[in-house]
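Close look at the chain arrangement
What follows is each chain in one-letter form.
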Amino acid sequence: MKSFHTEKAPAAVGPYVQAIGTEEFVFTSGQIPLNPENGELVTEISAAARQSLNNIKAILEESGSSLDKVIKCTVFLADINDFVAVNEVYKEFFDEHKPARSAIQVAALPLGAPLEIEAIASL
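To start, this report covers the structure provided alongside it.

Definitions and cut-offs
- Residues numbered from 1 in each chain as written.
- Predicted model: local features only at pLDDT ≥ 70, side-chain atom pairs only at ≥ 80, totals over all residues.
- Heavy atoms only, no water.
- 1 Å grid on protein atoms, 1.4 Å probe; cavity = no way out; pocket = protein on both sides within 12 Å on 5 of 7 lines; lining within 4 Å.
- Points joined across faces, edges and corners; volume = space filled by probe spheres on them.
- Nonpolar A, V, L, I, M, F, W, Y, C, P; charged D, E, K, R; others polar.
- Pairing = 2+ DSSP bridges.
- Helix = DSSP H or I, 4+ residues; strand = E, 2+ residues; numbered from the N terminus.
- Axes fitted to C-alpha atoms, helices over the stretch in contact; angles between N-to-C directions.
- Contact = heavy atoms within 4.5 Å.
- Buried < 20%, exposed > 50% of the residue type's maximum accessible area, 1.4 Å probe, protein only.
- Expected span 1.5 Å × (residues − 1).
- Polar contact = N/O pair within 3.5 Å; in protein donor to acceptor, adjacent residues only side chain to side chain.

1. Section: the layout of surface pockets
Any empty space left between atoms is shown by rolling a water-sized probe over those atoms. Taken as a whole, the largest pocket encloses approximately 200 Å³ of empty space. Grouping the amino acids of the lining of the largest pocket by side-chain chemistry returns 10 nonpolar, 3 polar and 1 charged.

This is the structure in structure tokens:
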């Protein structure tokens, strides 16, 4: 296994890596909407979804993968009522290629984030 890190996504803030890969797959850690340039949390839901997906995109590119190779995404929402807004942004990143996806509401997310997204992609 190999771990991956890019400065174009927020650094891991605990005992984990941004992503880890095998010979065939890369697994991203969940990405809350932290702006890697200033470390600020993006809270408006559409902008937050866009930031989390941009973080995932940067991590996948660092690993040698891409959004076109995503097999599965999991979206954790602090409020399931944000599902429609997140879906609109999600379509910007996954238009032609549509990976499997789960979206669930959770009680709380790190730093009070409105969402967290993780991905599994092929290499």
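2. Structural notes on the sheet that holds strand β5 (residues 100-105)
Taken in spatial order, the 6 strands line up as β1-β2-β3-β6-β4-β5 in an open sheet, and their pairing is mixed. Looking at strand neighbours, the two that pair on one side only are β1 (2-4) and β5, the edges of this open sheet. Going from strand to strand, the sheet's axes swing by 15° on average, the running direction of each strand aside. In the sheet, strand β3 (residues 25-28) pairs with strand β6 (residues 115-122) via 3 bridges, with the strands oriented antiparallel. Within the sheet, the bridge partner assigned to Phe 25 lies in β6 and is Ser 122. Of the strands in this sheet, β1, β2 (19-21), β3, β4 (70-77) and β6 touch helix α1 (residues 45-63), which is tilted by about 30° from β6. Most of the contacts of helix α2 (residues 83-93) go to β5, to which it runs at about 150°, and overall it touches β4, β5 and β6.

3. Some details on the pairing of β3
Alternating residues of β3 divide into Val 26 and Thr 28, all buried, and Phe 25 and Phe 27, none buried. The antiparallel pairing of β2 with β3 creates a hairpin that spans 3 residues between the two strands.

4. Section: the environment of Pro 110
On the secondary structure map, Pro 110 appears in the loop between β5 and β6. Of the residues examined, Pro 110 reaches a relative accessible area of 44% and is grouped as partly exposed. C-alpha separation for the pair Pro 110 and Leu 123, spaced 13 residues apart in sequence, amounts to 29 Å. The residues touching Pro 110, leaving out its near neighbours within four places in the chain, are Ile 32 and Glu 116.

5. What about α1?
Residues three or four positions apart in an α-helix share a direction because the helix packs 3.6 residues into each turn. For α1, which comprises 19 residues, the first-to-last C-alpha distance of 27 Å matches the rise-based estimate of 27 Å (1.5 Å per residue) to within 8%. For α1, the complete set of buried residues consists of Ile 45, Ala 48, Ala 49, Gln 51, Ser 52, Leu 53, Asn 55, Ile 56, Ala 58, Ile 59, Leu 60 and Ser 63. In the core, the buried residues of α1 are packed alongside β1, β2, β3, β4, α2 and β6. The N-capping residue of α1, defined by a side-chain oxygen 3.3 Å from the backbone nitrogen of Ser 46, is Glu 44. One or two positions beyond α1, positive phi appears at Gly 64, with a value near 95°.

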